[in-house]
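So you can see what is in the structure, the chains are spelled out below.
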Amino acid sequence: QRHPHALVSIPTGHASGVVVLDIDRGGETAFKEMLAKLQFETIDDLSPCWARTPGAGLHVYFQFEPGTSPRTRSSDIAARIDTRALGGSIIIPGNVRQNGRAYEWGNTSGSLHEAPTMPRRLLYLMTFNARERDLIASTPTLLSQMKDAPATEWHDLLQQWRCHEAWFFIFKRREDR
């Protein structure tokens, strides 16, 4: 009653078991490029569980994989493509804005149970920010370890590498004195 125009959202990540790729208006070209890089032709190939937003955007739903750590960020993986995962939330289909525009399911019955697990490459993009991805790409041993490791170990591998490099730097400085 206090907020009659409030919209219903759900938390993303652990609480709901879903993560969402949020494509804003103007991000269509970047999304098409992402689909091609991921080797998908259409949004339905990526996930049958998606929704249209009132602002001419898209929400693409995936199952949250326990033990992984995709993050909530804005425009990190591409311009006008946000990620809604750990620490985030998403407005769900069925909500209607005051102007009458609605969040509507696309090619699905509206069941989040239809959401697939996220492709490994997309999970990688959602797990690490641009700076971390550049670091990993420029470190052959770390990149090699990441390629073969389960996604649940990615953050630990990066943290171990950082600790190793920090200790190496400390000992190197002591030797240089």
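Residues numbered from 1 in each chain as written. Predicted model: local features only at pLDDT ≥ 70, side-chain atom pairs only at ≥ 80, totals over all residues. Heavy atoms only, no water.

(A) Geometry of the packing of aromatic side chains. Counting across every chain of the model gives four aromatic pairs. Between F128 and W154, the aromatic rings sit 6.2 Å apart at their centres with planes inclined by 40 degrees, giving tilted as the arrangement. Of this pair, F128 sits in the loop between α3 (120-127) and α4 (130-137) while W154 sits in helix α6 (residues 154-176), and the two are 26 residues apart along the sequence. Its relative accessible area of 0% is what places F128 among the buried residues. Cluster of aromatic residues (ring-pair linked, three or more members): Y124, F128 and W154. (Phe/Tyr/Trp six-rings, centres within 6.5 Å; stacked < 30°, edge-to-face > 60°. Helix = DSSP H or I, 4+ residues; strand = E, 2+ residues; numbered from the N terminus. Buried < 20%, exposed > 50% of the residue type's maximum accessible area, 1.4 Å probe, protein only.)

(B) Expanded view of the pattern of salt bridges. Tallied over the entire structure, the rule returns six salt bridges. Between R84 and D82 there is a salt bridge, and its shortest N-O distance comes to 3.5 Å. With respect to burial, R84 and D82 carry one shared label: buried. Among the ionic pairs, E132 bridges to R162, the shortest N-O distance being 3.7 Å. Of this pair, E132 sits in helix α4 while R162 sits in helix α6, and the two are 30 residues apart along the sequence. Residue class for R162 comes out partly exposed when judged on its relative accessible area of 32%. Each of D22, D82 and R84 takes part in one network of salt bridges that share partners. (Salt bridge = Lys/Arg side-chain N within 4 Å of Asp/Glu carboxyl O.)

(C) Region of the structure containing the sheet that holds strand β2 (residues 18-23). Strand order in the open sheet formed by six strands is β5-β6-β2-β4-β3-β8, and the pairing between neighbours is antiparallel. Bordering the open sheet on either side are β5 (73-78) and β8 (104-105), each of which pairs with just one other strand. The strands that α3 touches are β2, β4 (58-63), β5 and β6 (81-84); relative to β5, the one it contacts most, it runs at about 130 degrees. (Pairing = 2+ DSSP bridges. Contact = heavy atoms within 4.5 Å. Axes fitted to C-alpha atoms, helices over the stretch in contact; angles between N-to-C directions.)

(D) Expanded view of the environment of G67. On the secondary structure map, G67 appears in the loop between β4 and β5. In sequence terms G67 and E153 are 86 residues apart; their C-alpha atoms lie 8.3 Å from each other.

(E) Region of the structure containing the pairing of β6. A two-sided burial pattern is seen for β6, the buried positions comprising I81 and T83 on one face and D82 and R84 on the other. As judged from the four bridges shared by β2 and β6, these two strands associate in the antiparallel manner. Within β6, the residue paired with D22 across the bridge is D82. Sheet topology places β5 next to β6; two bridges connect them, and they run antiparallel. Note on β6: the bridge partner recorded for R73 is T83. Where β5 folds back on β6, the antiparallel hairpin that results is connected by two residues, among which R80 adopts a positive phi of roughly 65 degrees.

(F) Just the side chain of T83, in detail. Its location among the elements puts T83 in strand β6. For T83, a relative accessible area of 2% gives the class buried. Side-chain polar atoms of T83 contact the backbone oxygen of R71, separated by 2.8 Å. Excluding residues within four positions of it along the chain, T83 makes contact with V20, L21, R71, T72, R73, I77 and M126. (Polar contact = N/O pair within 3.5 Å; in protein donor to acceptor, adjacent residues only side chain to side chain.)

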